[in-house]
12 protein chains.
Amino acid sequence: MSNPITSTLDPAQQKTAGDALQATVVDLIDLTLIAKQAHWNVIGQNFRSVHLALDELVSAARDFTDEAAERATAIGVSPDGRAATVAQDSGAKGIGEGWTKDAEITASIVGNLAALIDRLRERIAATETADPVTQDLLISITARLEQLHWMWQAQGV
Amino acid sequence: MSNPITSTLDPAQQKTAGDALQATVVDLIDLTLIAKQAHWNVIGQNFRSVHLALDELVSAARDFTDEAAERATAIGVSPDGRAATVAQDSGAKGIGEGWTKDAEITASIVGNLAALIDRLRERIAATETADPVTQDLLISITARLEQLHWMWQAQGV
Amino acid sequence: MSNPITSTLDPAQQKTAGDALQATVVDLIDLTLIAKQAHWNVIGQNFRSVHLALDELVSAARDFTDEAAERATAIGVSPDGRAATVAQDSGAKGIGEGWTKDAEITASIVGNLAALIDRLRERIAATETADPVTQDLLISITARLEQLHWMWQAQGV
Amino acid sequence: MSNPITSTLDPAQQKTAGDALQATVVDLIDLTLIAKQAHWNVIGQNFRSVHLALDELVSAARDFTDEAAERATAIGVSPDGRAATVAQDSGAKGIGEGWTKDAEITASIVGNLAALIDRLRERIAATETADPVTQDLLISITARLEQLHWMWQAQGV
Amino acid sequence: MSNPITSTLDPAQQKTAGDALQATVVDLIDLTLIAKQAHWNVIGQNFRSVHLALDELVSAARDFTDEAAERATAIGVSPDGRAATVAQDSGAKGIGEGWTKDAEITASIVGNLAALIDRLRERIAATETADPVTQDLLISITARLEQLHWMWQAQGV
Amino acid sequence: MSNPITSTLDPAQQKTAGDALQATVVDLIDLTLIAKQAHWNVIGQNFRSVHLALDELVSAARDFTDEAAERATAIGVSPDGRAATVAQDSGAKGIGEGWTKDAEITASIVGNLAALIDRLRERIAATETADPVTQDLLISITARLEQLHWMWQAQGV
Amino acid sequence: MSNPITSTLDPAQQKTAGDALQATVVDLIDLTLIAKQAHWNVIGQNFRSVHLALDELVSAARDFTDEAAERATAIGVSPDGRAATVAQDSGAKGIGEGWTKDAEITASIVGNLAALIDRLRERIAATETADPVTQDLLISITARLEQLHWMWQAQGV
Amino acid sequence: MSNPITSTLDPAQQKTAGDALQATVVDLIDLTLIAKQAHWNVIGQNFRSVHLALDELVSAARDFTDEAAERATAIGVSPDGRAATVAQDSGAKGIGEGWTKDAEITASIVGNLAALIDRLRERIAATETADPVTQDLLISITARLEQLHWMWQAQGV
Amino acid sequence: MSNPITSTLDPAQQKTAGDALQATVVDLIDLTLIAKQAHWNVIGQNFRSVHLALDELVSAARDFTDEAAERATAIGVSPDGRAATVAQDSGAKGIGEGWTKDAEITASIVGNLAALIDRLRERIAATETADPVTQDLLISITARLEQLHWMWQAQGV
Amino acid sequence: MSNPITSTLDPAQQKTAGDALQATVVDLIDLTLIAKQAHWNVIGQNFRSVHLALDELVSAARDFTDEAAERATAIGVSPDGRAATVAQDSGAKGIGEGWTKDAEITASIVGNLAALIDRLRERIAATETADPVTQDLLISITARLEQLHWMWQAQGV
Amino acid sequence: MSNPITSTLDPAQQKTAGDALQATVVDLIDLTLIAKQAHWNVIGQNFRSVHLALDELVSAARDFTDEAAERATAIGVSPDGRAATVAQDSGAKGIGEGWTKDAEITASIVGNLAALIDRLRERIAATETADPVTQDLLISITARLEQLHWMWQAQGV
Amino acid sequence: MSNPITSTLDPAQQKTAGDALQATVVDLIDLTLIAKQAHWNVIGQNFRSVHLALDELVSAARDFTDEAAERATAIGVSPDGRAATVAQDSGAKGIGEGWTKDAEITASIVGNLAALIDRLRERIAATETADPVTQDLLISITARLEQLHWMWQAQGV
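- If you check an unreviewed UniProt entry, chain A appears there as DNA starvation/stationary phase protection protein from Rhodococcus oxybenzonivorans.
- Listed in UniProt under the heading Sequence similarities (unreviewed entry), the comment for chain A reads: "Belongs to the Dps family."

**Notes on the overall build of chain A**
Then step 1. On a plain count of helices and strands, chain A comes out with five helices and two strands.
Then step 2. Helices and strands in chain A line up, N terminus first, as α-β-α-α-β-α-α.
Then step 3. Across its three principal directions, the C-alpha atoms of chain A cover 55 × 30 × 20 Å.
Then step 4. Residues counted as buried form 64% of the 157 residues belonging to chain A.
Then step 5. Pairs at least 24 residues apart make up 81% of the contacts formed inside chain A by residues separated by at least 6 positions.
Then step 6. For chain A, the accessible area works out to roughly 5,100 Å², and carbon and sulfur atoms hold 50% of it.
Then step 7. Each charge sign in chain A was given a centre, from 12 positive and 21 negative side chains, and these centres are 4 Å apart.

**Notes on the packing of helix H1 (residues 11–41) of chain E against helix H2 (residues 47–74) of chain E**
Residues and elements named next belong to chain E.
Then step 1. Following both chains from N to C, one finds H1 and H2 inclined at 160°, their axes separated by 8 Å at the closest point. With respect to each other, H1 and H2 are oriented roughly antiparallel. Every pair of crossing elements has a handedness; the one defined by H1 and H2 is left-handed.
Then step 2. Looking at the contact of H1 with H2 residue by residue, the class counts come to 15 nonpolar, five polar and four charged.

**So, the relation of the copies chain B and chain A**
Then step 1. By a simple turn and slide, chain B fits onto chain A: the slide is 0.0 Å along the axis, the RMSD is 0.1 Å, and the turn is 180°. Within this description, the copies of the chain are treated as partners about a two-fold rotation axis. It is Ala83 of chain B whose C-alpha, among those of chain B, lies nearest the rotation axis, at 3.1 Å.
Then step 2. The overlap is high: 100% of the interface residues of chain B also sit at the interface in chain A, so the same surface is used on both sides.

**Focus on helix H2 (residues 47–74) of chain H**
All names here are of chain H.
Then step 1. An ideal rise of 1.5 Å per residue puts 40 Å on 28 residues; H2 measures up with 41 Å between its terminal C-alpha atoms.
Then step 2. With 21 of 28 residues buried, H2 lies mostly within the body of the structure.
Then step 3. In the segment just after H2, Gly76 is the residue with positive phi, at about 85°.

**Regarding the packing of aromatic side chains**
Then step 1. Summed over the entire model, instances satisfying the criterion amount to 12 aromatic pairs over all chains.
Then step 2. Ring geometry for Trp150 of chain C against Phe47 of chain H: centres 5.9 Å apart, planes inclined by 75°, an arrangement best described as edge-to-face. Of the two residues, Trp150 of chain C is situated in helix H5 (residues 132–154) and Phe47 of chain H in helix H2; the pairing between them involves two chains. The burial state of Trp150 of chain C is the same as that of Phe47 of chain H; both residues are buried.

**Quick notes on the side chain of Thr73 of chain E**
Then step 1. Mapped onto the fold, Thr73 of chain E is located in helix H2.
Then step 2. Looking at Thr73 of chain E, the relative accessible area reads 0%, which means it is buried.

**A closer look at the UniProt feature "domain: Ferritin/DPS" (unreviewed entry) in chain A**
Then step 1. Summarizing the sequence annotation, UniProt attributes the feature "domain: Ferritin/DPS" (unreviewed entry) to residues 19–154 of chain A in the numbering used throughout.
Then step 2. Taken end to end, residues 19–154 of chain A is 79% helix and 3% strand, and its first and last C-alpha atoms sit 33 Å apart.

**Some details on the interface of chain F and chain I**
Many authors give the size of an interface as the accessible area that is lost as the parts come together.
Then step 1. Taken residue by residue, the interface counts 37 residues in chain F and 37 residues in chain I.
Then step 2. In total, about 2,900 Å² of surface goes out of reach between chain F and chain I, with carbon and sulfur atoms giving 65% of it.
Then step 3. For chain F, the biggest contributors to the area lost against chain I are Trp40, Arg82 and Trp99 of chain F; these three give 28% of the whole.
Then step 4. Here chain F is connected to chain I by four salt bridges.
Then step 5. Connecting chain F to chain I are 16 residue pairs in polar contact (both at pLDDT 80 or more).
Then step 6. Listed by contribution, the elements that provide at least two residues to the side of chain F that touches chain I are helix H1 (11–41), helix H2 (47–74) and helix H3 (83–89) of chain F.
Then step 7. Residues of the side of chain F that touches chain I, tallied by class, amount to 17 nonpolar, 12 polar and eight charged.

**Considering the interface of chain B and chain A**
Then step 1. The partner chain A presents 37 residues to the 37 residues of chain B that form the contact.
Then step 2. Both faces combined, the contact of chain B with chain A buries some 2,900 Å², and carbon together with sulfur accounts for 64% of it.
Then step 3. For the chain B face of the interface with chain A, the top three residues by lost area are Trp40, Arg82 and Trp99 of chain B, together amounting to 27%.
Then step 4. The interface formed by chain B and chain A contains four salt bridges.
Then step 5. One salt bridge in this structure joins Asp66 of chain B and Lys36 of chain A, with 2.6 Å as the shortest N-O distance.
Then step 6. Linking chain B with chain A are 17 residue pairs in polar contact (both at pLDDT 80 or more).
Then step 7. Broken down by secondary-structure element, the contributors of at least two residues to the side of chain B that touches chain A are helix H1 (11–41), helix H2 (47–74) and helix H3 (83–89) of chain B.
Then step 8. In terms of residue count, H1 of chain B provides more of the side of chain B that touches chain A than any other element does, nine residues in total.
Then step 9. Its residues placed into classes, the side of chain B that touches chain A shows 17 nonpolar, 12 polar and eight charged.

**A look at the pattern of salt bridges**
Then step 1. As enumerated under the stated definition, the model contains 144 salt bridges over all chains in all.
Then step 2. Between Arg123 of chain L and Asp27 of chain L there is a salt bridge, with the nearest N and O atoms lying 3.1 Å from each other. One end of the pair, Arg123 of chain L, is in helix H4 (residues 102–127); the other, Asp27 of chain L, is in helix H1 (residues 11–41), and 96 residues separate them in sequence.
Then step 3. Judged by its relative accessible area of 9%, Arg123 of chain L is buried.
Then step 4. Note on Asp27 of chain L: relative accessible area 3%, which makes it buried.
Then step 5. When salt bridges that share partners are traced, they join Arg71 and Asp131 of chain A together with Arg121 and Glu146 of chain I into one network.

Quick notes on the rules
Residues numbered from 1 in each chain as written. Chains lettered and ligands numbered in written order. Predicted model: local features only at pLDDT ≥ 70, side-chain atom pairs only at ≥ 80, totals over all residues. Heavy atoms only, no water. UniProt positions renumbered as here; feature names shortened; annotations may be inferred. Helix = DSSP H or I, 4+ residues; strand = E, 2+ residues; numbered from the N terminus. Buried < 20%, exposed > 50% of the residue type's maximum accessible area, 1.4 Å probe, protein only. Contact = heavy atoms within 4.5 Å. Areas by Shrake-Rupley, 256 points an atom, 1.4 Å probe, with all protein chains shown as cover. Lys, Arg positive; Asp, Glu negative; His and termini not counted. Charge placed at Lys NZ, Arg CZ, Asp CG, Glu CD. Axes fitted to C-alpha atoms, helices over the stretch in contact; angles between N-to-C directions. Parallel < 35°, antiparallel > 145°, perpendicular 65-115°, else oblique. Left-handed = near helix turned anticlockwise from the far one by under 90°. Nonpolar A, V, L, I, M, F, W, Y, C, P; charged D, E, K, R; others polar. Least-squares fit on C-alpha atoms with pLDDT ≥ 70 in both. Expected span 1.5 Å × (residues − 1). Phe/Tyr/Trp six-rings, centres within 6.5 Å; stacked < 30°, edge-to-face > 60°. Buried area = accessible area lost by both parts, 1.4 Å probe. Salt bridge = Lys/Arg side-chain N within 4 Å of Asp/Glu carboxyl O. Polar contact = N/O pair within 3.5 Å; in protein donor to acceptor, adjacent residues only side chain to side chain.

In C-alpha cells:
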C-alpha cells in the first residue's frame, strides 16, 4: 500500500524529522522497560524511595513515547515500536538481570539517562531547519530528562 | 548474591509459580507493545473506535504486567521484563509493520489474545496445587482477557 | 446464524458454565426489580434506613448482573435478560404489591436473598471443574449477597 | 390497609396522573431490559459505538423510571414495577433473542423508542389539567427520548 | 430611589409574579429555620435518620429560596427576607420549643410541608398567564416539596 | 437528499418550532461572539469583574446553543450556524470594535440581552400549541438570560 | 419533659456557657438573613464583587451557627433558632429594605459585624472559667468575623 | 538508648503533658476497638443507623489517637499503644461479647464516652500551665466526644 | 481613543505579530463554527464517532482562539472576532448546508484543517524575528492541528 | 440469646470457617496496633520512608480486619475483637517499647508478617472444603501480606 | 494616611498582638526561603525523602504566613513581609550556600525550627491577656512546627 | 566540595545559562514577596478584585521560581534564593510600606512586571545559542508575565 497519510513537509524534511522521531520512540520504550525492570528488582535501604521514583520515570517516558510516535504519524511516517525493533535499535545502555542493590540501580539509571540525552541533543540540532514543530517536542523531552538526570544524580552522591 | 527475598513456598512450589509468572510477564509486555504499535498504525473507517479500544487494552495489559511481576517478587522470584527477553520468549503472535487497515488490526488482536489465553489456561492448571494465590491472579487476568477477546471478536464479525 | 463468538472451552464446559451464568443473570435482574419495588413502597418508622439500604442492594445486583452476562458472552454464550424470560425463570420468591410496612419488607428481602444464595452455592459446585474463571465470579457474587443477607437479618431481629 | 400516603390532589386528578405515571414506569423498565439485552448481544463492525450508546440509554431510562415512580408516590399512588407486571403491561415492541447484527439492533431501538414516545405524548395531553407538575416531568422525559430517537435514527441511515 | 431594575413584563404581570415570589421567599426561609430547629432538638430512637433527613430538607429549601429571590430580582422586584418580615408573613405552621421526640418532629414537618404546598399550588394557578417563567419555577419547587412530603409521611406511619 | 430525519410533529408544527429554534441558534451564537469580543477588549477600573462575568455569559450561551440546535435535529430540522448565516440573520445589537471602557461594555451587554429576551418571549408564545417540548426549552433559556440581564443591570447602576 | 440530655458541667457552668451559645446562635442566624438580603438587593458599580463576597459571609455564618447550636446541645442546652426568637433577641443592627447602593451595603455589613464582634468578645471573657471548650469555639468564630470585618472595611475606604 | 528526641519544655512540663497524652492514646485505642466490636455485633430494628454511626465514631477516635500520639512524640515522649498496654491501662468501661441488641449497644457507647470525657476534663485542667499546646488538643478532642455523647444520648431516649 | 495598552515590541514587530494573531483568531473562530455545524448535521454509519470527534475539535479550537486573542492583547493589539469579520476574512474552506453524510464531513474537516495549517506555517516563518513568544504559540497550535489532521485523515482512508 | 443470624452452612462448616475468621480478626488487629506503635516510635535516616510505609500497612490491615469480621457475621458467627482478646490470642510476634531505629523496625515488621502468613496458609488449607467463599477471602489477604512481606524485606537488605 | 482599618482592641492590646504577629510573619517567610533553598540544593542517598519533606514544610509555612499576616490586618496592623525586612529582622538561623549533603540539611532544618519555636513560645505568653484570638493562632502554628521538629529530628538520628 | 552534579553542556554554555537562571530565580522570589505585601495592604473600592488577582500573580511567580531553580540544578548550577541574596540582587522596583490604595498598588505591580520583563528579554537573547532548552523556559515565563502585564494595565486605565 502506498503511504496513505500525507504531509506538508517535503520528502527531505520528512526523512530527517521521521528518523529523529523513530529513534526517539525506540529509545523511550527501552527506557520504560529498563525502569520497570529496576522497579521490580531493586533492593536495599532506599528501596521505597527508588521504587516510587522509578514509577515517576516510567510515567514520563510513556507519555513522551506516545507524543513522539503520534508526531511521527502527523508527518506521515509510520512508527515502529515492536519488541524486536526495540531490542535491536535502542541506544540505551540497558540493565543487568536479577535482584540489584539500590545504589547500583541509581547509577544505572543515571547512565541510561545520560546516553539518551546525548542522542536527543543531536536530534535537536538535526531537526532545527527540517521541522521546528518536531524540534520543539524534542526540546521538551530533553528538558524533562535532564531534570530527572539531576534528581537521580543527587540521590547517588 | 544469594537470593535476598525469602518465601514460605517450598522450592518446587516456588519454581512452578515463578515460571508461570515470568512467562506471563513476558507475554503481557509484548501484548502492550503490539497494541501500542496497532494504536499508532491503524487506518480505515473505524479508525477512531479501534484507536480508542486499543488504549483500553494497553491499560489493562500494563496493570496486569505489574501485578504478575510483583507477585513473582512476593514469592522470591526476580522477574525479567527487558526488551531482549521479551523479543525472545514471548508467546504472542506479533504484528506486521507499517500502516494497517482496521479490519486487519482487529483480526491480529483477536489472534494474539487467543494465543495468550491458551497459555494462561495451562498455567492456571499448573499452579492449582503449587500456589493458590498465584492461581487466583492468573484467573483474574484470564477473565479480563477473555472479555476483551469477545469484544474484539464482536466487532470483527 | 451460527455462533459468531468462539471460546477456548470445550462444548460440555461451555454448556455447564453457560447454564449457570444464564440462571444467575435472570435471578439478579429479578432481585433488582424486587428491591426497586420495595424502595418505592416501603412505609414505617425505619423508612429512611430501609429506603437507602435498598438502593445499595439494587446497585450491587446491577453490577453483578452485568458481570455475569458479560462472562457468558466471553465464553460464547448469548445471555437472555428480557422481561418475559425473567418473569418465567426467576428463582426469587417475589414481593407483594402496594404500600408495605418496613418490617415486612425486611423479611421479604431476607427470604429472597436466602433463596438466591442457595441456588448460587449449587452453581459454585457445578462449575468447579468446568470453568474456574466462572466459578470465581460466582464466589464473589455469593460473598456479597451473604454479607447483605446478614445485614438485612440483623435489622430484622 | 387504607392508603397511608395522602395528597393535595382530588381523587379524579390523582387517578389521571397516577395512571399516566404507572404506565410510564412499566414502559421505562422494559426499555431498560431491552437496551441491556441489546448491549450484551450486539455484534458487527459498529459493535463498540452501539455497545456504549446502549449503556447511555440504560442510564437515562433508569433515572426516569425512578423519577416517575417517586412522582407517583408523591401523589399517594403506589407504583408497581415487578417483572410479571412489566412482562404483561409494557407498551414497548420488545427485542429478539440471541446474537444480533448492529444494524438490526439499531432499527429495534428506534422502533421501541418511537412506540414509547407516542404513548408519552398522549399522557402529556391527558395530564395537562389534572396535574401540571406531573405533566412537566412527562415533558422532560419525552424531550430526552426524542433526542435519543434522533441519534439512533441518525446512525441508522 | 425609583426602581433601578427594569423588566419586559407589564406592571400587572410584574405585580402578580412578584407577590407570588415574595411570599414564596418568606415561606421557604421559615421552612429552613424550622428544619434547623428540628435538626438540633430532635431526640428518640430515630434520631440519626431524622437528623440527617432534616439537613437534606434545609439544603433543598435554601436552594429554592435563592432561586425564588433571584427570579424576583430578574423581573425587577426587590425581595425581602429579613427576620422580622419572615416572623410576620410566613404561612408555615411553626414548631414548638425545646427537646422534641422524633415522632412529633416528623408530624410537625409533614404539617408544615402540606401548608406550604397548598399555598404554592394557588400561586401556580395565579401566575400561569402573568409569567410562565415564574410559574415554571414554582412547579419545580412544588414537585420537590411533594416528594419530601411523601418521604416524611412514609416514615411517620 | 430528501430529509433523512423524521418526526412525529405534523409539518405545520415542525415549521413553527423549527423556525423558532433556528432563530434562537443564530441569536445565541452571535451573543457568544459579542461576549468574547467584549471579554478581550474591555478596559477600565472594573476590568477584572467584567472580564470574568463575560466568560460566564459565554459559557451559558454556548450550552443553550447546543441544546437549541439539538432540539431542532430532534424534530427533523437541520440547524444552520455558519458564520455567514449568523452575520446576516442575528437579532442581536452587535458591539463596536477596538478597546472599550467597562461601563460601555456593560451597557452593550444589557442592550443585547434585552433584545434577545424580547425575541425569545415572542417565540414562547408562538410555540405553545405547536410543540410544548420546544416551548419548555425556550422558557428555561429565557429564565437564565433574564437572570443575567438583572445581574448586568445591577452592576451598571 | 425533664432534660433528656445530660452533661458533665455543673449547673452554673452549664448556664453560663448555654447563655453565651444561645445568644451566638441568634446573632449568627440574623447575620445570615441580613447578608442574603444584601446579596439580592445590592446595585452599583461594584455589584459583582459585593454580591459574591456576601455569599462567602453567608457560608461562614451558616457553618458557625451549626457549630454553636450543636455545642449547646453537647452541654445539654436546647438551642432556639426560630424566626420569632431571632426577630426579638438579635443583637445585630439590621438592614434597610429595597434596592440599595453597594457603598451603603458595605457600610451596613461593617456595622453589623462590629456589633456582633463586641458581643462575642464579652462572651469569650464570660466563658473562660465556665467551659474552656465553649470558649475555644467562640474564639474561632471571632477570629473569622474579625478577618471579614477587615476585608469589608478595606473595600469601603 | 538516651532520649533521641528533644523538646523546649522543661522536664516537669514534659512529664505532665506526656502522662496526659499517653493516657489519652490508650483510652482512644480502646474506644476504637469497642466501637468496632459493636459495629460487627449489633442487631435490631436500628441496625443500619447504629452500624453506620459506629463507623463515624471509629473514624473520629482513630484520628484523635494519631494526633495525641504524635503530640507526645513532638514533646519528646515515646507513646505506647500496644495491645497489652491497652488491655491493662484503659479507662473505658468495655463492652460485652456476642450479638447485642441496638438499645444495649447505645447505652454501652454512652457510658464509655462519659467515662472518657471525665478523664479528659481532668487532663485539660492538669495541662493548662504545663503546655497550652497540649491543652488545646485535649480541648478539641473533648469537644468532639461531647458532641458524640449528645448524639448517642439523643438516640437512646 | 489612543491605544491604551502599550508593549515593549517596536511598531514593526507589533504589526507583524498582531497581523498573524488577528488572522489566526478569525481562522480558528470559523473552524469552531464549521465543526459545530458538522456536529449537528452529520448522518451515517459512523455518526457517533464523528459526532464526538467534532466536539474534541471544537474544544481545541476554542482554547487556541482564546490564547491567540489574549496574546494579541498582550502586545497591545485589539483582536476582532465579530461575526461579520469572521464571515469576511476567514481562510477556511467552509462547509455546505443541511444534513451531510459522515464521509463527506470527514473530507471537509481534513480540507479545512489543511488550509489552516498552510496559513499557520507561513505565520511561523513571518514571526520568527518579530516576536519569538508569538511564534512559540503558533507552533503549538500547528502541532495540535497537524495531529488532528492525521487523525481525521486516518479515519477517512 | 440463641443465635439470631442464620447461615446456609452446616454446623461443622460454620465451625471451621468461623474459627479461621476469628483467629484472622485477632491477628490483624494486633498487626494494626504493632504498625501504629512502629509508626510513632521509629527514628533514623529512613524515618520518612518507614513512617509512611507503616501507614500503608495499617490501612491494608484495617480493611482486611473489617472484611474478615463481616465475613464471620455473614456466616452467623459473632466476631470478638476486644483489647483483652487480642492481647491474649494474637499470633503476632509483637514489638518492643520506646524509640526504635528504622532497621530494627523493619526487621520486626518482616518477622510479624511472616508469622501471620504462615498461620493464614494453614487456614487456606483448612477452609477449602468447608467454605470456598471464606477461603477466597483468606487467599486475597495472604496475597497482599506476601506482597508487603517482599517490600519490607527488600528495604531491609 | 491615618489608619483606615479599625479594631475593637485597645491600643496597648493592639500593639502587643501586632508586634507578635509581625515578628511571626518575618520568621515564617524566612523559613519558607530557607526550606526552598534546601529543597533545591540537597544531595545524598536520602535526596528524595528530604526533597519531598521540604516541600511539605514550605507548604505549611506559607499557609501560616498568610494566616498571621491576615490576623494582623484583622486587628488593624499593617504587616511588612518585604525582602529587606525579612533579611534584617528574621530570627531564623539561616542556611549555607551551594550543594549540601542531606544530613547537613536535616541538622540545619532542626536548628531553624527550634529557634523559631522558642520565639513563638514567648509570644504565646505575651499575648495571653492582650488578645486570646491571636494567642490561639500562635498556639496552632507552634503545635505544627513542633510536630515537624520531631519528624526532622527523628530522621536525623 | 567539587560540583557533584554534572551536565552535558560545556562550561561556557553552562555559565551563560546558569547566570540567566540564577538572576531569574532572584527576580521571581522578590516578585512573590512584593505581591504578597500588596495582597495584605491593599485598600479601596476594588479591594476584592485586586486582593484576588494578586494571589494569582503569587501562584504564577512561585511556579516559575521552582521551574527556573530546578532548570539550574538540571544543568549543574546551584541556585541561591536566600533572603539576603534576594534583598541585594533583585531587579524589581519594590513596593512601599503600609496600607495602600488600590490604584497605587496596581501601578506598582505594572512597574515591577515591566522591569522584570525587560530583564527576561535580555536573557532570552543571551541563551539562544548557549542552551535552547533554557531559552524555551524563559520564553514561556515571559509570555505569562506579559499577559499579566496587560491585565494589570487594563485595570489601571
